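Architecture and fold: a report
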Amino acid sequence: VENLADDDSKFEMVNGIRIHYKERGPICPQSPTLVLLHGFNGNTFQWRYIMDDLSSIQVGQEGCRVIAIDRPPFGLTERPTTWPQHLPNPYSNSGAAAQTIGLLNVLGINDCIAVGHSAGANVAVQMAINYPARVRELILISPGISVKQGRFGRDLGQQLRIL
């Protein structure tokens, strides 16, 4: 995989899976962190034209830290066929949310603004539901989600009005 990686590619082991991501902006505790979650069949490449612009948004004295993640099984992130029983399926919304929070843990990030595009919006919403203290704000771009009862274990339409 390294021979396919760009110069700005980074990798971290999270819950036994090697996650590929790219990062822009300051590493400063006071700066908000935007986590970009791509849709089905996407990867970090889809965010290439906006990462620098997003990182230059002034918040106080600093810009924003921006992290784009290749969700399993897309991009350069590992594609496991098995995983430990105590961990959720990394291809499920809950599993992808846990992987994303795990990466934030590895990087020492307390909370984030979760930005989900298309099917990545499912993961962003699941992060907000499962880890509400870790998701400061939620941004959904052309969300490919269902608000029907049961999809997220509750009435998501009502839940989004509360967020």
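Our subject is the structure that appears above.
All values derive from a computational prediction rather than experimental measurement. (Residues numbered from 1 in each chain as written. Predicted model: local features only at pLDDT ≥ 70, side-chain atom pairs only at ≥ 80, totals over all residues. Heavy atoms only, no water.)

**So, the environment of Leu36**
Along the chain, Leu36 falls in strand 3 (residues 33-37). Classification of Leu36 by relative accessible area gives buried; the value is 0%. A sequence separation of 15 residues divides Leu36 from Met51, and the C-alpha atoms of the two residues are 9.1 Å apart. In contact with Leu36, other than residues within four places in its own chain, are Trp47, Met51, Leu54, Val66, Ile67, Ala68, Ile69 and Val115. (Helix = DSSP H or I, 4+ residues; strand = E, 2+ residues; numbered from the N terminus. Buried < 20%, exposed > 50% of the residue type's maximum accessible area, 1.4 Å probe, protein only. Contact = heavy atoms within 4.5 Å.)

**Topic: the sheet that holds strand 5 (residues 112-117)**
The 6 strands lie next to each other as 1-2-4-3-5-6, forming an open sheet whose pairing is mixed. On the outer flanks of this sheet lie strand 1 (10-14) and strand 6 (135-141), each paired with one strand and no other. The mean angle between the axes of side-by-side strands here comes to 25°, regardless of whether they run parallel or antiparallel. Direction of pairing for strand 2 (residues 17-24) relative to strand 4 (residues 65-69): antiparallel, over a ladder of 4 bridges. Following the sheet pairing, Tyr21 is matched in strand 4 by Ile69. Helix 2 (residues 93-107) rests against strand 1, strand 2, strand 3, strand 4 and strand 5 of the sheet, and its axis sits at about 110° to strand 1. (Pairing = 2+ DSSP bridges. Axes fitted to C-alpha atoms, helices over the stretch in contact; angles between N-to-C directions.)

**Some words on helix 3 (residues 120-130)**
Counting buried positions along helix 3 gives 10 out of 11 residues, so the element sits mostly inside the fold. If you check which residues of helix 3 are buried, you get Gly120, Ala121, Asn122, Val123, Ala124, Val125, Gln126, Met127, Ala128 and Ile129.

**So, the nonpolar core**
General note: in soluble globular proteins, nonpolar side chains tend to be found buried as a group. By size, the foremost hydrophobic cluster in this structure holds 22 residues, and its most contacted members are Leu37, Ile67, Ile69, Leu103 and Met127. Of all elements in the fold, only strand 2, strand 3, strand 4, helix 2, strand 5 and helix 3 reach the threshold of two or more residues within this core. Of all the elements, helix 2 adds the most residues to this core, at 6 residues. Within the second largest apolar cluster, 10 residues are counted, among which are Trp47, Met51, Cys64 and Ile113. (Core = buried A, V, L, I, M, F, W, Y, C linked by side-chain atoms within 4.5 Å.)

**Notes on helix 2**
When the terminal C-alpha atoms of helix 2 are compared, their 21 Å separation across 15 residues agrees well with the 21 Å that a helix rising 1.5 Å per residue should span. Among the 15 residues of helix 2, 11 are classified as buried, and the element is accordingly described as predominantly covered. With its phi angle positive at about 75°, Gly108 sits one or two positions after the end of helix 2. (Expected span 1.5 Å × (residues − 1).)

**Examining the environment of Gln99**
Considering the arrangement of structural elements, one finds Gln99 in helix 2. Taking the C-alpha atoms as reference, Gln99 lies 8.4 Å from Ile17; in sequence the two are 82 residues apart. Those residues in contact with Gln99 that sit more than four places away from it in its chain are Val14, Asn15, Ile17, Ile19 and Pro90.

**Considering the pairing of strand 6**
With 6 bridges joining them, strand 5 and strand 6 adopt parallel strand pairing. Within the sheet, the bridge partner assigned to His117 lies in strand 6 and is Ile141. For the crossover from strand 5 across helix 3 to strand 6, the handedness is right-handed. (Right-handed = clockwise from strand over helix to strand, strands pointing away.)

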